[in-house]
Every structure is written in C-alpha cells, then in structure tokens.
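Listed below are the residues making up each chain.
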Amino acid sequence: MKSRGDVHKIDSIVDPRGELLALEVSEIFGFDVKRIYFLTKFYGDRGFHAHRNLYQVMICISGSCELVLDDGETRSSFELNNIHTCVYVGKMVWREIREATRDCTLLVLASECYDESDYIRNYDDFLKLKSVKSD
Ligand code: TYD
C-alpha cells in the first residue's frame, strides 16, 4: 500500500524521435483514473484541504511548485519541477501547493469524480478525524 506521499519516477522511452513518458497508474498506484484536472496560472498558494476517500497522483508539467503533505503527524515537502517524477497523495492527507511559479501547471490524476462532500477544508477538523480514525 502506498503511503502519504510517495515519489515515483515516470518511465521514459527516448529514441531519435524524442521522449515518451508513460505511467501505468492502476498497476503502480492501485486505482483507476476517473478524472484529471490541471492547476495553472497560479496567483497564490492552493490546496489547504484533505480528502476522505480520494487517491491522486500529481505531476508538474511546467514551472515548479512546492507540495506540502501532512498526515496529521508528519509534514513532508516535495519540490515538483519536472515531468519525470510524480507524487502519490493518499486519502486523508492534508495538502498545500505553495510557491508555484507563474508558468507552473500541475496535472492531477484522481481516483474519483469531483465531490465536494469528500473534502475536509478545515485543518482542525482534519486533525480530529485523523485522531478518531487512528483510535
Ligand atoms: P479546489 O479543489 O478547492 O482547489 P484548491 O483547494 O486548490 O483551491 O477547487 C477549486 C474549485 O474548483 C472548487 O469550487 C471546486 C471546483 N472543482 C471542480 O468543479 N472540479 C474539480 O475536479 C476540482 C478539482 C475542483
């Protein structure tokens, strides 16, 4: 089982025509992609929420940003700045996307369709839910 924030190297096939990158999402991360979305044209930090039941993979396809992941006990920071690596974000993980450059575009692969009721948008609520679940 993948944990809070696993960095994974995306397979790259280089030949005289260029480079092809491929990610077998379901085989590697154990979920099927139901939705993709892009975060782009950043004017500030984003995220600041967790999901009750959503698995995601994030890939920075241009520019750079800092991805902060917090499982309620440990905060980890990842510098995302290339298409060769992706970060798996499990459920019940608080995420913050910080310091994105203006040319940053983040591609997000998600295990479920958009559902506002899946969001936890308050950090104290997130910590409370984490402590209940780990009791
Ligand atoms: P949100 O996930 O809250 O982004 P952030 O936490 O980075 O600000 O999404 C912003 C808005 O976009 C919110 O109103 C929900 C909406 N949204 C969709 O309609 N579909 C989606 O797939 C996503 C991710 C967000």
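Keep in mind it's a predicted model, so treat the numbers as computed, not measured.

Engineer: Sorry if this is basic, but what is going on with a nonpolar patch on the surface here?
Structural biologist: There is a patch of nonpolar side chains on the surface, built from Val33, Ile36, Phe38, Ile61 and Ile83 and spanning about 410 Å² of accessible area. Following the sequence through the fold, Phe38 ends up in strand β4 (residues 35-40). You can call Phe38 partly exposed: its relative accessible area is 46%.

Engineer: Would you take a moment to explain the sheet that holds strand β7 (residues 65-70) for this structure?
Structural biologist: Taken together, the 5 strands give an open sheet; going across it, the order is β8-β7-β10-β5-β12, and neighbouring strands pair in antiparallel fashion. Where the open sheet ends on each side, the last strands, each with one partner, are β8 (75-80) and β12 (119-120).

Engineer: I would appreciate a short explanation of the pattern of salt bridges in the present structure.
Structural biologist: It is possible for side chains of opposite charge to pair when their charged atoms get near one another. Here the structure, examined in full by the defined rule, presents 7 salt bridges. As a salt-bridge pair, Glu112 and Lys34 come within 3.1 Å of each other at their nearest N and O atoms. Here Glu112, found in the loop between β11 (105-110) and β12, pairs with Lys34, found in the loop between α1 (25-29) and β4; they are 78 residues apart in sequence, far enough to count as distant. A relative accessible area of 32% means that Glu112 is categorised as partly exposed. Through salt bridges with shared partners, a single network forms among Asp45, Asp70, Arg75, Glu96 and Arg98.

Engineer: What's the story with the pairing of strand β10 (residues 94-98) in this structure? I'm lost.
Structural biologist: Consecutive side chains along a regular strand alternate between the two faces of the sheet. Within β10, 4 of the 5 residues are buried, leaving the element largely enclosed by the surrounding structure. By the bridge criterion, 3 bridges tie strand β5 (residues 46-51) to β10 in an arrangement that is antiparallel. For Arg46, the partnering residue across the bridge sits in β10 and is Ile97. Note: β7 against β10, 5 bridges, orientation antiparallel. Paired with Asp70 across the bridge in β10 is Trp94.

Engineer: Would you mind showing me how to read the site of the ligand here?
Structural biologist: Looking at the ligand, the residues that line it are Arg35, Tyr37, Arg46, Gly47, His49, Tyr114, Tyr119 and Arg121. Within the contact set of the ligand, an oxygen atom lies 2.9 Å away from a side-chain nitrogen or oxygen of Arg46. Between an oxygen atom of the ligand and a main-chain N or O atom of Gly47, the distance comes to 3.1 Å. With the chains in place, 61% of the 520 Å² that the ligand exposes on its own is no longer accessible. Secondary structure elements with two or more residues in the shell around the ligand: β4 and β5.

Engineer: What am I meant to see in the packing of aromatic side chains here?
Structural biologist: The geometry of an aromatic ring pair is captured by the separation of the ring centres together with the interplanar angle, meaning the angle of the planes. Tallying each qualifying case throughout the model produces 7 aromatic pairs. Where Phe29 meets Tyr88, the ring centres are 5.4 Å apart and the plane angle is 5°; that geometry is what we call stacked. Highlighted residues: Phe29 in helix α1 and Tyr88 in strand β9 (residues 85-89), separated in sequence by 59 residues. Ring geometry for Tyr114 against Tyr119: centres 5.9 Å apart, planes inclined by 65°, an arrangement best described as edge-to-face. Taken together, the ring pairs connect Phe29, Phe31, Tyr55 and Tyr88 into an aromatic cluster. Directly above the ring of Tyr43 sits Arg102, whose terminal nitrogen or CZ lies 4.1 Å from the centroid.

Quick notes on the rules
- Residues numbered from 1 in each chain as written.
- Predicted model: local features only at pLDDT ≥ 70, side-chain atom pairs only at ≥ 80, totals over all residues.
- Heavy atoms only, no water.
- Patch = residues over 30% accessible without salt bridge, like charges linked within 9 Å, V, L, I, M, F, W, Y side chains within 5 Å.
- Areas by Shrake-Rupley, 256 points an atom, 1.4 Å probe, with all protein chains shown as cover.
- Salt bridge = Lys/Arg side-chain N within 4 Å of Asp/Glu carboxyl O.
- Helix = DSSP H or I, 4+ residues; strand = E, 2+ residues; numbered from the N terminus.
- Buried < 20%, exposed > 50% of the residue type's maximum accessible area, 1.4 Å probe, protein only.
- Pairing = 2+ DSSP bridges.
- Near = heavy atom within 4 Å.
- Polar contact = N/O pair within 3.5 Å; in protein donor to acceptor, adjacent residues only side chain to side chain.
- Phe/Tyr/Trp six-rings, centres within 6.5 Å; stacked < 30°, edge-to-face > 60°.
- Lys NZ or Arg CZ within 6 Å of the ring centre and 35° of its normal.

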